[in-house]
Amino acid sequence: GLHAIALRKQWYQRRVRGEGGSDYLFSLLNGYEPLPAGENEPSEGQAYNPYFHGYYIGMAQQLYNESVDYEDGTIPYASQLAKDVCEYLAWTSHPYMDEAKLYGIKAVASFAVLTGIAYYMMRVKRGHMRLRRIAFTVPGKEKEISANGNLSNFSKYKEVDQALDKWSRK
């Protein structure tokens, strides 16, 4: 029962993850072929499988076409059965994968919301602070500072400064 499932899980983690993943297992389950011409006859209890290292495997073919009935009407070809076996073994080796993906989605969504709030705060709520112009003046020399911030009476804004001074005095 449980011990057999644990052993299968260990085998899957060591063997299949290391050498091509579930593609290797899928090919191994579907790869049983008749013995090609010129090959040695397999020993008793062995079968020819070109996807197995050494070509002779001590396991007979396990999956056959239409050996299982699906409730949804899927045609039970051996390749569909092998795909289902690979998916099941992948699920048993990562039982918390769905939960981990859900946490990842929540983390990305939270980060996106916080980024949106930060953008809003910087652009909308603090935008006026970025556009504010702070001009420092030296006491007694307020009139000499031109609009461009230079301490000079030869400013190109001298006429504008004079006009603004007249306008502000009215």
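Scoring rules and cut-offs
Residues numbered from 1 in each chain as written. Predicted model: local features only at pLDDT ≥ 70, side-chain atom pairs only at ≥ 80, totals over all residues. Heavy atoms only, no water. Helix = DSSP H or I, 4+ residues; strand = E, 2+ residues; numbered from the N terminus. Buried < 20%, exposed > 50% of the residue type's maximum accessible area, 1.4 Å probe, protein only. Contact = heavy atoms within 4.5 Å. Areas by Shrake-Rupley, 256 points an atom, 1.4 Å probe, with all protein chains shown as cover. Arc of directions from axis to C-beta. Phe/Tyr/Trp six-rings, centres within 6.5 Å; stacked < 30°, edge-to-face > 60°. Core = buried A, V, L, I, M, F, W, Y, C linked by side-chain atoms within 4.5 Å. Patch = residues over 30% accessible without salt bridge, like charges linked within 9 Å, V, L, I, M, F, W, Y side chains within 5 Å. Salt bridge = Lys/Arg side-chain N within 4 Å of Asp/Glu carboxyl O. Polar contact = N/O pair within 3.5 Å; in protein donor to acceptor, adjacent residues only side chain to side chain.

Our next topic: the overall build of the chain. Scanning the chain from N- to C-terminus turns up six helices and two strands. When the elements of the chain are put in sequence order from the N terminus, they spell out α-α-β-β-α-α-α-α. Counting the 170 residues in the chain, one finds 15% classified as buried. Considering only contacts in the chain between residues 6 or more positions apart, those separated by 24 or more positions represent 29%. In the form shown here, the chain has an accessible surface area of approximately 13900 Å², with 58% of it arising from carbon and sulfur atoms.

Time to look at helix α2 (residues 21-30). Every buried residue of α2 is accounted for by G21, Y24, L25, L28 and L29. An end-on view of α2 places all buried positions within 130° of arc, on one side of the element.

Aromatic rings in a pair are described by how distant their centres are and how their planes are angled relative to each other. Scanning all chains against the criterion turns up three aromatic pairs. When the centroid spacing of 6.1 Å and the interplanar angle of 65° are considered together, the rings of Y48 and Y56 count as edge-to-face. Among the aromatic side chains, those forming a connected cluster through ring pairs are Y48, Y55 and Y56.

One finds L25, L29, L63, A78, L81, A82, C86 and L89 forming the largest nonpolar core, which totals eight residues. Contributing elements (two or more residues each) for this core: α2 and α3 (78-93). If one sorts the elements of this core by residue count, α3 sits on top with five residues. In contact with A78, not counting residues within four places along its chain, are N30, L63, Y64 and N65.

Before going further, it helps to spend a moment on a nonpolar patch on the surface. Together, V113, L114, I117, Y120, M121 and V124 make up a nonpolar patch on the protein surface, roughly 570 Å² of accessible area in all. By secondary structure assignment, the location of M121 is in helix α4 (residues 97-125). You can call M121 partly exposed: its relative accessible area is 40%.

Right, let's get into the side chain of T92. Examined against the element boundaries, T92 turns out to sit in helix α3. There is a polar contact of 2.9 Å between the side chain of T92 and the backbone oxygen of L89.

Positive phi values are uncommon outside glycine, yet Y55 reaches one of about 70°. For Y55, the position within the fold is in the loop between β1 (47-48) and β2 (56-57). We note that E66 has phi near 55°; this positive angle belongs to a residue other than glycine. Inspection of the secondary structure puts E66 in the loop between β2 and α3.

Glancing now at the side chain of N49. Relative to the assigned elements, N49 resides in the loop between β1 and β2. Of note is the side chain of N49, whose polar atom sits 3.0 Å from the backbone nitrogen of Y51. Ignoring sequence-local partners within four residues, the contact set of N49 consists of S27, L28, G31, Y32, Y55 and I57.

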